[in-house]
Each structure stands twice: as C-alpha cells, then as structure tokens.
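# Fold and geometry: a report
Residue strings, one per chain:
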Amino acid sequence: MNLADLNKVARAMVAPGKGILAADESSGTIKKRFDAIKVDSTEDNRRDYRELLFRAKDAMANHISGVILYDETIWQKAKDGTPLVKLIEQSGAIPGIKVDEGTKPLPGCPGELITAGLDGLPTRLPKYYEQGARFAKWRAVIDIGQGIPSYAAIHTNAHALARYAALCQAASIVPIVEPEVLMDGDHDIERCYEVTEFMLKETFQELYVQRVALEGMILKPNMAIAGKKCPKQAGVQEVAEKTVKLLKACVPAAVPGIAFLSGGQSDEDATAHLDAMNRIGGLPWHLTFSYGRALQAAPQKAWAGKAENVAAAQAAFAHRARMNGLASKGEWKADLEAKKAA
Ligand code: 13P
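Residues numbered from 1 in each chain as written. Predicted model: local features only at pLDDT ≥ 70, side-chain atom pairs only at ≥ 80, totals over all residues. Heavy atoms only, no water.

## Regarding the packing of aromatic side chains
- The tally for this structure, following the rule as stated, stands at 7 aromatic pairs.
- With 6.4 Å between their ring centres and 35° between their planes, Trp75 and Tyr128 make a pair best called tilted. Remark: Tyr128 occurs in helix α7 (residues 121-130) and Trp75 occurs in the loop between α5 (71-74) and α6 (84-91); sequence separation between them is 53 residues.
- Aromatic side chains Tyr151 and Phe198 sit 5.8 Å apart centroid to centroid with 10° between the ring planes, which places their arrangement in the stacked category. Separated by 47 residues along the polypeptide, Tyr151 in helix α8 (residues 151-170) and Phe198 in helix α9 (residues 189-209) bring together distant segments of the chain.
- In this structure Phe198 comes out as partly exposed when scored by relative accessible area, which is 40%.
- Joined through ring pairs, the aromatic side chains of Phe34, Tyr49 and Trp303 make up one cluster.
- The aromatic ring of Tyr129 is capped on one face by Arg134, whose charged end is 3.7 Å from the ring centroid. (Phe/Tyr/Trp six-rings, centres within 6.5 Å; stacked < 30°, edge-to-face > 60°. Helix = DSSP H or I, 4+ residues; strand = E, 2+ residues; numbered from the N terminus. Buried < 20%, exposed > 50% of the residue type's maximum accessible area, 1.4 Å probe, protein only. Lys NZ or Arg CZ within 6 Å of the ring centre and 35° of its normal.)

Next up, the structure:
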C-alpha cells in the first residue's frame, strides 16, 4: 500500500464542486427503481440506462468525481463496444466498485442485519483494480426501532467495515466506509443523532484497532435527520447544524472527505442540507455528496426506458449534478431549481 497514492485518490473523490455518483444498485434494487418507471430490468436496459449517465458529458466532466459501480456494470460494454469503465475514465471521473454482498439477518439480533462479503474479498479486489477500480464501497445498515440497534449490531457491523477497509488499502483501493443509520422509522432527529454518534464512534475505534490509514479513506454517513415517519421534521438549518456538530465530535481531521448518502431524502432536501453544511464552513474535511436516489430519481423518470428520452434524462441528471456540485461549495440557491422547472 502506498498511502500517498490512496490519499491522492481520496482527495480527488471530494474535490470542491464535485461528488460521487452512486450507480451501484444491486440487481434487486435496480429492479425496484425500474419497476417504478415501468421498465423491464434486463441486462441491456441496465446497460443502456447506465451508459446514458456516463455519457452525460457536462455532468460527468464538471460535477462527478467518481462513480460507484455494481459488479455487473464494471465488466459491461457500451452499445458501441467501449467498456463502461472507459467512458467514466474518459470523462475524467474515477471508477469505483461496491464490494459488499448485501445484508443478512444478524444471528441472535431479531430485525437487525450484518453486511456480507468479506469471504473472498482479498481475491476479488485485485481483479477490480485491474479492471480500473480505484475505490470501493461497503455499506453497513443500522435500523432504529423499538429496542434497536443493539450493541451487537453496532459492533459487528463496525468490525466488518474496518476489516473491509483494511483489505482495500492492502490492495491499493480507497475504501468508502458507509455506516448507514436508516431514516425509515418514526424516530426524531435527536434519536438519529444519538445512534449515529454511537455507530461512528465504534466505526472509528475499529478502524484504529485494525490499522486503517484515515488519510486513505472516505466516510459515507447519513445526516442527522428525523425518520421519514416522524411527525416532527427538522428544518434545513437544524439538520445542517446537528450533522456538522455530530461529525466534528466523531470524525478525525485526518479523513480527507465525507460524502453523504441521500437515504430517501427528496432531491432538493439532499441538496439544501449539503449546501447549508458547507455554508457553515471552517470544517477540517471536504463535505460532498455520494448520492444514489437524489441524483438518479429525476433522470430515471425522464428516461422511462425510451431511446428518444435519452437527452432529456441526461439533462435531468446534469441539473441535479450541477445543483449538488454547487452545494458542495455552499453556493447553491433554491431559485436555481425554480429556473430549471420554468
Ligand atoms: P442513496 O443516496 O440513494 O441513499 O444511495 C447511496 C448509496 O450508495 C447507498 O448505499
């Protein structure tokens, strides 16, 4: 492992004005997204859809630093035979790969999950590197509910995240460490704060114990935010202030950057929250986006599986990428959204 090289990639992933496109939906998840726009989830349709994103020149060159791919995509070729990885590289963005194998029930902990995929990871990583991946992603999922999360779920998931991160660095791949506390419940922002703090503290303890170099990783956390079903939703400023307070308390300054997941927030909320955090300023790490839904919901809707809609889908993607690019610098304004709508 060469830490200077890892650090260089990590810093490029969070370069000001840019962020990460999470296009790493598993076969099950992309099917759900395609069902919503009435498109069959065939290999060709998945290829066509992802190809249109990676060929969106303005968005990719100016606002996307890296793309997280799913295993199928990293081996796929565009319609004209160009490897999809090459399209990403040609745009100036860095290819990355989701290496976890999804979640499984955690024994002894009803309703809780552990992320699978460590077995075989040391042999898979060099193949991904050879294919062009310079960073990877592993998502741990922590749910908030009656009596959960348990310490067992927090600890085993933090341990697995650190195992994955150490293996990535040994293979010269920058790990995105993603401990996601879900926003699906009816809990308030205080409870989200408390659980996320616990999970982040445990994660950084495990990263330390397992000798992960913080300079060569990116953190992908949730924001401090109320559950979707909570009657008391926090405002933009409150989400921004609480998230920044939380991160300052838990994330060492040696980490080059923090790239948030959108987690089910509306497109505009995800942008407004990131923008408000960057307006607070004076932070030791770059704060940007690593959005899946908040970047792709609009282009998916515009595309709807039809070749004649490709340009409209690319325009929708370019708009969200630009809005989030501005938010990564604290320069977004709500009226820029209205202009697009008009
Ligand atoms: P969302 O932004 O849709 O939450 O997806 C990001 C991601 O990569 C989840 O693992």
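## Brief notes about the pairing of strand β3 (residues 94-98)
- Summarising burial for β3: 5 of the 5 residues are buried, a large majority.
- The two faces of β3 match: Ile94, Gly96 and Lys98 on one face and Pro95 and Ile97 on the other face are all buried.
- As paired elements, strand β2 (residues 64-69) and β3 share 4 bridges and run parallel to each other. Residue pairing for β3: Ile68 is matched across the bridge by Gly96.
- Bridge count for β3 against strand β6 (residues 135-142) is 3 bridges, and the pairing is parallel. Directly across from Ile97, in β6, lies its bridge partner Ala136. (Pairing = 2+ DSSP bridges.)

## Remarks on empty space enclosed by the protein
- Per the stated rule, a full pass over the model turns up 1 cavity of 30 Å³ or more.
- As for the largest cavity, its lining consists of Glu180, Val181, Leu182, Met183, Asn222, Met223, Ile225, Leu261, Ser262, Gly263 and Gln265.
- Across the lining of the largest cavity, the residue classes tally to 6 nonpolar, 4 polar and 1 charged. (1 Å grid on protein atoms, 1.4 Å probe; cavity = no way out; pocket = protein on both sides within 12 Å on 5 of 7 lines; lining within 4 Å. Points joined across faces, edges and corners; volume = space filled by probe spheres on them. Nonpolar A, V, L, I, M, F, W, Y, C, P; charged D, E, K, R; others polar.)

## Notes on unusual backbone geometry
- Omega for the peptide link from Ile148 to Pro149 comes to 10°, which places this bond in the cis form.
- Position of Pro149 relative to the elements: it lies in the loop between β6 and α8.
- Of note in the backbone geometry, Ser172 takes a positive phi value of approximately 60° without being a glycine.
- Within the secondary structure layout, Ser172 lies in the loop between α8 and β7 (174-181).
- Classification of Ser172 as partly exposed rests on a relative accessible area of 32%.
- Its identity as a non-glycine residue notwithstanding, Ala304 has a phi of 50°, on the positive side.
- Note on placement: Ala304 falls in the loop between α12 (293-303) and α13 (310-327).

## Things to note about the site of the ligand
- Within the structure, the ligand sits among 13 residues, and Lys137, Lys220, Ser262, Gly263 and Arg293 are positioned closest to it.
- With respect to the ligand, the side chain of Lys220 contributes an N or O atom lying 2.6 Å from an oxygen atom.
- Interatomic distance of 2.8 Å between a backbone N/O atom of Gly292 and an oxygen atom of the ligand.
- Coverage of the ligand by the protein chains reaches 92% of its 300 Å² of free accessible surface.
- Its atoms largely coinciding with the cavity grid, the ligand occupies the largest pocket.
- Counting only elements with at least two residues in the shell around the ligand, the list comes to β6 and β10 (286-291).
- Of the residues in the shell around the ligand, the class split is 3 nonpolar, 4 polar and 6 charged. (Near = heavy atom within 4 Å. Polar contact = N/O pair within 3.5 Å; in protein donor to acceptor, adjacent residues only side chain to side chain. Areas by Shrake-Rupley, 256 points an atom, 1.4 Å probe, with all protein chains shown as cover. Sits in = over half its atoms within 2 Å of the grid points.)

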